[in-house]
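# Fold and contact review
Now for the letters of each chain:
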Amino acid sequence: MPLPTYLTTAEVAEYLRLKERKVYDLVSQGVIPCVRVTGKLLFPRQRIDLWLMNHLEGDDAVGSPIPPVLAGSQDPLLEWAVKESSAELALLCQGSGDGVQRLIDGRAMLAGMHIWHAESQRYNDPATLGLSGMRDLVLIRWAKRQQGLLLASDNPHRLARLEDIARPGIRVAHRQPDAGVSHLLQSLLARYRIDTSHLTWAPHPSLSEDDLALAIRQGEADIGVGIEAAARRQGLAFIPLQQEHFDLAMRRRHYFEPALQRLLAFAGSERFVQRAEALGGYDISELGQVVYNA
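Residues numbered from 1 in each chain as written. Predicted model: local features only at pLDDT ≥ 70, side-chain atom pairs only at ≥ 80, totals over all residues. Heavy atoms only, no water.

Before going further, it helps to examine helix 2 (residues 20-28). Residues of helix 2 that are buried include every one of Val23, Leu26 and Val27, and no others. Seen along its axis, helix 2 keeps its buried residues to an arc of 100°; they face one direction. Looking at helix 2, the residues exposed on the side facing more than 90 degrees away from the buried face are Arg21 and Ser28. (Buried < 20%, exposed > 50% of the residue type's maximum accessible area, 1.4 Å probe, protein only. Helix = DSSP H or I, 4+ residues; strand = E, 2+ residues; numbered from the N terminus. Arc of directions from axis to C-beta.)

Here we come to unusual backbone geometry. The phi angle of most residues is negative, glycine excepted, and most peptide bonds adopt the trans form. Positioned with a positive phi, Ser86 is a non-glycine residue whose angle comes to about 55°. Residues other than glycine seldom take positive phi values, yet Asn124 does so here, at roughly 55°. Along the chain, the position of Asn124 falls in the loop between strand 8 (122-123) and helix 6 (126-129). Taking relative accessible area as the criterion, Asn124 reaches 2% and is therefore assigned buried.

Inspection of every chain in the model, using the stated rule, returns 19 salt bridges. Residue Asp75 pairs with Arg145 through a salt bridge whose shortest N-O separation is 2.7 Å. Pair noted here: Asp75 is in the loop between strand 4 (69-72) and helix 4 (76-84) and Arg145 is in strand 9 (residues 137-151), with a separation of 70 residues, a long-range link. Taking relative accessible area as the criterion, Arg145 reaches 1% and is therefore assigned buried. Between Glu88 and Arg262 there is a salt bridge; the shortest N-O distance is 3.9 Å. You can see Glu88 sitting in the loop between helix 4 and strand 5 (90-92) and its partner Arg262 sitting in helix 10 (residues 258-266), a full 174 residues away along the chain. In this structure Arg262 comes out as partly exposed when scored by relative accessible area, which is 34%. Among the charged side chains, a salt-bridge network with shared partners connects Asp75, Arg145, Glu209 and Glu244. (Salt bridge = Lys/Arg side-chain N within 4 Å of Asp/Glu carboxyl O.)

So, about the packing of aromatic side chains. Summed over all chains, the structure comprises five aromatic pairs. Measuring from centroid to centroid gives 5.5 Å for Trp80 and Phe266, while their planes differ by 50°, and the two rings are tilted. Placement of Trp80 in helix 4 and of Phe266 in helix 10 is noted, with a sequence separation of 186 residues between them. On the basis of relative accessibility, which here comes to 12%, the residue Trp80 falls in the buried class. Seen in terms of ring centroids, Phe266 and Phe272 are 6.2 Å apart; in terms of plane orientation they differ by 80°. Their pairing is edge-to-face. Summarising the burial analysis for this pair, Phe266 and Phe272 share the class buried. Ring pairing ties together the aromatic residues Trp80, Trp142, Phe266 and Phe272, which thus form one cluster. (Phe/Tyr/Trp six-rings, centres within 6.5 Å; stacked < 30°, edge-to-face > 60°.)

Below, the discussion takes up the nonpolar core. Core analysis: the largest hydrophobic core is formed by 42 residues, its most contacted members being Leu77, Leu78, Trp142, Leu150, Leu263, Phe272 and Tyr282. If you list the elements that add at least two residues to this core, you get helix 4, strand 9, helix 8 (209-217), helix 9 (228-233), strand 13 (237-251), helix 10 and helix 11 (270-279). Those residues in contact with Trp142 that sit more than four places away from it in its chain are Asp75, Leu77, Leu78, Ala81, Phe246, Asp247, Leu248, Leu263, Ala267, Phe272, Ile284 and Leu287. If you look at the next biggest cluster of nonpolar residues, it comprises 18 residues, including Tyr123, Leu159, Ile165 and Val172. (Core = buried A, V, L, I, M, F, W, Y, C linked by side-chain atoms within 4.5 Å. Contact = heavy atoms within 4.5 Å.)

We now examine the layout of surface pockets. Of the voids in this model, the largest pocket is the one considered here, and its volume is about 750 Å³. Looking at the lining of the largest pocket, the elements that each hand over two or more residues are strand 2 (35-37), helix 5 (96-105), strand 7 (116-117) and helix 6. Among the elements that line the lining of the largest pocket, the one with the most residues is helix 5, at four residues. When grouped by side-chain class, the residues that make up the lining of the largest pocket number 13 nonpolar, eight polar and six charged. (1 Å grid on protein atoms, 1.4 Å probe; cavity = no way out; pocket = protein on both sides within 12 Å on 5 of 7 lines; lining within 4 Å. Points joined across faces, edges and corners; volume = space filled by probe spheres on them. Nonpolar A, V, L, I, M, F, W, Y, C, P; charged D, E, K, R; others polar.)

Checked against the element boundaries, His114 lands in the loop between strand 6 (110-113) and strand 7. In this structure the side chain of His114 is engaged in a polar contact, spanning 3.0 Å, whose partner is the side chain of Ser73. (Polar contact = N/O pair within 3.5 Å; in protein donor to acceptor, adjacent residues only side chain to side chain.)

A word on the confidence of the model for the chain. Across the chain, pLDDT averages 89, with 95% of residues at or above 70. For the stretch residues 57-62, pLDDT sits under 50, and the model shows one contact to residues farther than four places along the chain or on other chains. (pLDDT = per-residue confidence, 0-100.)

So, on to the pairing of strand 4. By the alternation rule, side chains of strand 4 split into Val69 and Ala71 and Leu70 and Gly72, which are all buried. Judged from the three bridges that link them, strand 4 and strand 5 form a sheet pairing that is parallel. Paired with Val69 across the strands is Ala90, a residue of strand 5. Handedness of the strand 4-helix 4-strand 5 crossover: right-handed. Strand direction decides the pairing type here: strand 4 and strand 6, joined by three bridges, are parallel. Following the sheet pairing, Leu70 is matched in strand 6 by Leu110. (Pairing = 2+ DSSP bridges. Right-handed = clockwise from strand over helix to strand, strands pointing away.)

Below, the structure is given as structure tokens:
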């Protein structure tokens with residue numbers, strides 16, 4: 001009989017041939033991937049298998065080469081720096097969630113992410129993202145960015161706060177569901193008790209920060225949540241809401257690859273600092289810091 005997609009504590013203990021008490025210990029240490037639903041622990045079977053594979057001994061040299069791809073969320077400063085530094089990384093930015101999956105699957109060397117976890121009040125928590133099974137996971141701080149409301153430059157509807165998106169007829173620009181800002185928007189709507197079914201959404205999701213800003217500039221939407229740099233690039237009005245952490249996730253060995261080292265070296269240059277200031281909405285004081293090391 002095939003195993004279910006999600007295992008209970010008893011089932012995962014039997015699957016791993018461990019005592020249930022040991023499973024609870026692994027959960028408390030944030031070591032084993034799991035989710036908590038109405039107080040009950042469930043273990044995604046595919047993530048458990050990945051966790052096991054990452055704990056194989058004597059197998060480090062086995063496996064296909066990881067392509068030099070930077071996946072995940074789009075960031076204007078990062079995109080510019082990759083090109084200017086000659087880091088020789090291909091950009092495949094289709095949202096934070098997509099980047100996490102590509103990193104897990106070995107289809108990307110790096111993943112940019114800014115996923116807000118409302119319960120823990122933290123960004124980019126490996127355990128919540130299902131990345132805690134990667135025993136060689138490293139998170140490097142790229143920047144702190146200012147997230148806020150993007151509005152037309154003349155703000156014809158006189159929108160001033162998040163609650164205004166619920167006004168009748170106001171069209172809301174939005175990103176794909178696994179984008180980092182989508183997690184933040186859903187958290188903010190829940191905080192202010194705004195029913196998403198009462199909102200008038202733009203007909204199509206924007207696939208990047210710049211696309212969302214452009215949708216507002218072209219009149220396809222009246223308001224959206226995005227970063228200050230994107231608002232500035234499109235000449236939009238901006239109302240700050242929250243500062244976020246944008247981090248780069250990778251396997252430990254890839255931190256030492258020439259591509260990443262060139263990128264980080266360039267990020268220490270005066271030219272890079274000037275670009276960050278010109279784009280606006282960036283705090284790069286922690287750039288390069290290791291914020292998680294499995």
